[in-house]
Amino acid sequence: MVRSKLRTFLLGAGSATVMLAAALLPVGASAAAQPSGPVATDARRAATDTTLGPAAGFWSCTVPPGYTYTTTSSTSTCGSSSTQYFVQPAADNLWACTLPAGFTYISVQNTSDCGPGGSSIKYYLRTPQTNLWACTAPADFTYISVQNTLDCGPGSGTKYYLRTPETNLWACTLPAGFTYISVQSTQTCSTSGTRTKYYLRTPESNMWACTVPPGYTYISAQSTNDCSISATTTKYYIRAY
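All of these numbers come straight from a predicted model, not from anything done at the bench.

So, on to the sheet that holds strand 15 (residues 233-240). Strand order across the open sheet formed by three strands is 13-15-14, with antiparallel pairing between neighbours. Each edge of the open sheet is held by one strand with a lone partner, namely strand 13 (207-209) and strand 14 (216-224). The sheet shows a mean angle of 35° between the axes of neighbouring strands, taken without regard to direction.

A few words now on the pattern of salt bridges. Inspection of every chain in the model, using the stated rule, returns five salt bridges. Among the salt bridges present, the one from lysine 159 reaches aspartate 151, with a minimum N-O distance of 2.9 Å. For aspartate 151, a relative accessible area of 33% gives the class partly exposed. With its nearest N and O atoms 2.9 Å apart, the salt bridge here joins aspartate 226 to lysine 235. By relative accessible area, which is 33% here, aspartate 226 ends up partly exposed. Taking the relative accessible area as the measure of exposure, lysine 235 reaches 9% and is therefore buried.

Moving on, we get to the state of the cysteines. Evaluated as defined, the whole model comprises five disulfides. Two residues share a disulfide in this structure: cysteine 97 and cysteine 114, whose sulfurs sit 2.0 Å from each other. Disulfide cysteine 97 to cysteine 114: torsion about the S-S bond roughly -80°, handedness left-handed. Taken together, the positions of cysteine 97 in the loop between strand 4 (95-96) and strand 5 (104-111) and cysteine 114 in the loop between strand 5 and strand 6 (120-126) put the pair 17 residues apart, joining distant regions of the chain. Both residues of the pair, cysteine 97 and cysteine 114, count as buried. Each sulfur in the disulfide pair cysteine 210 and cysteine 227 lies 1.9 Å from the other. An S-S torsion of about -80° defines the bridge between cysteine 210 and cysteine 227 as left-handed.

Before going further, it helps to spend a moment on unusual backbone geometry. Positioned with a positive phi, asparagine 93 is a non-glycine residue whose angle comes to about 65°. Its location among the elements puts asparagine 93 in the loop between strand 3 (81-89) and strand 4. Judged by relative accessible area, which is 44%, asparagine 93 ranks as partly exposed. Phi angles above zero are rare outside glycine, and asparagine 131 is one such case at about 70°. Turning to its location among the elements, asparagine 131 is positioned in the loop between strand 6 and strand 7 (133-134). For asparagine 131, a relative accessible area of 43% puts it in the partly exposed group.

Structurally, serine 60 can be placed in strand 1 (residues 58-60). Only 2.6 Å separates the side chain of serine 60 from the backbone oxygen of threonine 62, close enough to count as a polar contact. With sequence-adjacent residues up to four places away left out, serine 60 is seen in contact with Gln84, Tyr85 and Val87.

The next thing to look at is the sheet that holds strand 1. As summarised here, the arrangement of the three strands in space is 1-3-2, forming an open sheet in which the pairing is antiparallel. Edge positions in the sheet fall to strand 1 and strand 2 (67-78), since each of these pairs with one other strand and no more. Averaged over neighbouring strand pairs, the angle between their axes works out to 35° when direction is ignored.

A few words on the side chain of lysine 122. Relative to the helices and strands, lysine 122 resides in strand 6. Of the residues examined, lysine 122 reaches a relative accessible area of 7% and is grouped as buried. Here the side chain of lysine 122 touches threonine 70 through a polar contact of 2.8 Å, landing on its backbone oxygen. There is a polar contact of 3.1 Å between the side chain of lysine 122 and the side chain of aspartate 113. If sequence neighbours within four positions are ignored, lysine 122 has contacts with Thr70, Trp95, Ala96, Cys97, Ser107, Val108, Gln109, Thr111, Asp113 and Cys114.

Turning to the packing of aromatic side chains, a few remarks are in order. Taken as a whole, this structure holds 11 aromatic pairs when the rule is applied. Seen from their ring centres, tyrosine 218 and tyrosine 236 are 4.8 Å apart, and the 65° between their planes marks the pair as edge-to-face. Placement of tyrosine 218 in strand 14 and of tyrosine 236 in strand 15 is noted, with a sequence separation of 18 residues between them.

Cut-offs and rules
Sequence order as written defines residue numbering, which begins from 1 separately in each chain. Under the rules for a predicted model, residues below a pLDDT of 70 receive no local features and side-chain atom pairs below 80 are neither given nor counted, while totals for whole chains, interfaces and linings still include all residues. Heavy atoms from the whole structure form the basis of all side-chain values; hydrogens and water molecules are not counted. DSSP bridges decide pairing: two strands pair if at least two such bridges lie between them. Working definition: helices are DSSP H or I runs of at least four residues, strands are E runs of at least two. Numbering for both runs from the N terminus. Every axis in this analysis is a line fitted to C-alpha atoms, fitted for helices over the stretch in contact. Angles between the N-to-C directions lie between 0 and 180 degrees. Any carboxyl oxygen of Asp or Glu that lies within 4 Å of a side-chain nitrogen of Lys or Arg is treated as forming a salt bridge with it. Relative accessible area decides the class of each residue, using a 1.4 Å probe on protein chains only: under 20% of the type maximum gives buried, over 50% gives exposed, and in between gives partly exposed. Disulfide: a pair of cysteine sulfur atoms within 2.5 Å of each other. Counted as a polar contact is a pair of N or O atoms within 3.5 Å, where, for protein atoms, one must be capable of donating a hydrogen and the other of accepting one, and residues adjacent in sequence contribute only when both atoms are in side chains. Contact definition: two residues touch when any of their heavy atoms are within 4.5 Å. The rule is short: rings of Phe, Tyr and Trp, with Trp giving its six-membered ring, pair when the centres are within 6.5 Å, and they are stacked under 30 degrees, edge-to-face over 60, tilted in between.

See below:
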């Protein structure tokens, strides 16, 4: 009986101690107090706002492959280099200080963001695609028209109306992997005079073509005016080998 009463007394005393400790803690507090002050606030904000993954920009002493940069800062933390770069992966619709491989641009702006020493140029990046007016004609594309523009740099420049190469397209260039079977004189391929447009064809055996593409030979040839706007040249009856 005495032992039972002693156990009941001890349990009651323990419960009272827990209740007293809980009452002394502020509302919403935990046993492990959270850091406070401006440094802790900045750390919590950074943890909340940090974007993970390849799209995140960051300050770097170099520009890694596949990245461009959007602004610079003078620094004493990069060793022999006094410039730090805010780098991020090249992306569509980004104002960038460089023109990365695989991209074209549609506009420029003068800026002091891109390095110490005065004004420089930023490029408005775009992924090349058909039916885009662009300031360059990337290697995997052709173009079918040009126009004068002030968009592409200081002074007058040229914009190109891009097209993905395909058979039966009149194009201002002869892309790799294609031949042509006819030409026409045009002023749509240059801002300064007459140029040649090519009627593109995908090479195949047993066709007359103005070139002999890689991987083909020819078994006959003929003189023609089809392949040049200014002279008689040769057409070839091509065969794959």
